[in-house]
Amino acid sequence: MAKIDPRVAKEIRKCKSDFLYFCKHYLKIVDKRGNTIRLVPNAAQAKYFTSVEQNPWLYVLKARQLGLTTIIAAHNFWKTLFTSNHRVLVMAHTHVAAETIFKIYRRFYDNLPQVFGFPLDAANVRELAFSHGGVIKVSSAGSGSARGATYNAIHCSEFAFYKDIPGTIAAAFQTASDNASIVLETTANGINEAHKMWFAQDGYDKLFIGWTHDTGYISKKRPKHIPSVLADYKEKYELTDHQYWWAVQTFLTKCASSYNTFRQEYPITPEQAFVTTGSRFFVQLYPNAQP
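Residues numbered from 1 in each chain as written. Predicted model: local features only at pLDDT ≥ 70, side-chain atom pairs only at ≥ 80, totals over all residues. Heavy atoms only, no water.

(A) Here's a closer look at the overall build of the protein. Per the secondary structure count, the protein includes 12 helices and 10 strands. Taken over the C-alpha trace, the protein has a radius of gyration of 21 Å; the compact-globule value for 291 residues is 19 Å, and the two agree within 12%. Counting only C-alpha atoms, the protein reaches 70 × 45 × 30 Å along its principal axes. When the 291 residues of the protein are sorted by exposure, 47% land in the buried category. Counting contacts in the protein only where the partners sit at least 6 residues apart, residues at least 24 apart contribute 67% of the total. (Helix = DSSP H or I, 4+ residues; strand = E, 2+ residues; numbered from the N terminus. Rg over C-alpha atoms; globule rule 2.2 N^0.38 Å. Buried < 20%, exposed > 50% of the residue type's maximum accessible area, 1.4 Å probe, protein only. Contact = heavy atoms within 4.5 Å.)

Listed below in structure tokens is the structure:
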């Protein structure tokens, strides 16, 4: 066996012990403009990492497109790459979503420098199996493909959109090893089991990350029209002009001027996330609440 250059060995040890260092220097992603860039965690992603370090059982309620799926994948990939026999299960709400998430993992591996390209025993559209026993398996909720194995980390992505939330999660959890890390991550989907779990007194820390945590959610173009429903939005949530202009533009375009859709997809508070069509759950139950 060829002797490893001491400088290379030192770098490997550094990366093995420091996730953020490895992430910033060696993991590649595709940004919103389609460019392949290094993964430098944004504020929302950094907040996730800090939280999961404190409690590996974490329920993340979030706004859309904050990069949470990416940073969870990065952390799982890092752990699997440098830990023998570490097994990861990722469950997505649809087959398409599962394949999209797997592409994140595959991109991480394909863009590693040769010194980190630890050999694979198997690789297909849903699984990476390293020669040291580490495995990353991605499946869709309800597929049953996770049965018969044991996993050290489980990531349930967009679980509020599973057809059978209690059944799917219960089945996945039966595959968890002792002291496994379990991350439930989702945008809200009205008043369902995911809503109930957010308020449950259980072993999960609850982490909410709203759209204002992303410094990229700004617009330098003043809207020509301000909808009346957003008239006091800027002052109420102490937004900058550029944040406010982004919110108005997103409300009018991506959310088709639906305030319920806007609050559910891009909430600033957890209370905003849990909305139902044509009504406000918290205001109905708690008239004095201020969502």
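(B) Representation of the nonpolar core within the structure. Counting residues in each nonpolar core, the largest one holds 64 residues, and the members touching the most others are Phe22, Tyr48, Phe77, Tyr105, Trp211 and Tyr233. Among the elements that take part in this core, helix α4 (residues 68-82) stands out by supplying nine residues, more than any other. (Core = buried A, V, L, I, M, F, W, Y, C linked by side-chain atoms within 4.5 Å.)

(C) View of the layout of surface pockets. Empty space within the largest pocket amounts to approximately 1300 Å³. Every residue lining the largest pocket is counted, 39 residues in all, and those nearest its centre are Val30, Lys32, Gln65, Leu66 and Gly67. For the lining of the largest pocket, the elements supplying multiple residues, two or more each, are β1 (28-30), β2 (36-38), α4, α5 (95-110) and α9 (241-252). Considering every element that reaches the lining of the largest pocket, the biggest residue donor is α5, with six residues. For the lining of the largest pocket, the class distribution of residues is 14 nonpolar, 14 polar and 11 charged. Estimates place the volume of the second largest pocket at around 310 Å³. Along its surface, the second largest pocket is lined by 18 residues, and Glu53, His75, Trp78, Lys79 and Ser181 are the ones closest to its centre. The set of elements that each furnish at least two residues to the lining of the second largest pocket consists of α2 (19-26), α3 (43-54), α4, β8 (151-157) and β9 (176-186). (1 Å grid on protein atoms, 1.4 Å probe; cavity = no way out; pocket = protein on both sides within 12 Å on 5 of 7 lines; lining within 4 Å. Points joined across faces, edges and corners; volume = space filled by probe spheres on them. Nonpolar A, V, L, I, M, F, W, Y, C, P; charged D, E, K, R; others polar.)

(D) Examining the environment of Asp178 more closely. Its location among the elements puts Asp178 in strand β9. With relative accessibility at 72%, the residue Asp178 sits in the exposed group. C-alpha separation for the pair Asp178 and Lys196, spaced 18 residues apart in sequence, amounts to 25 Å.

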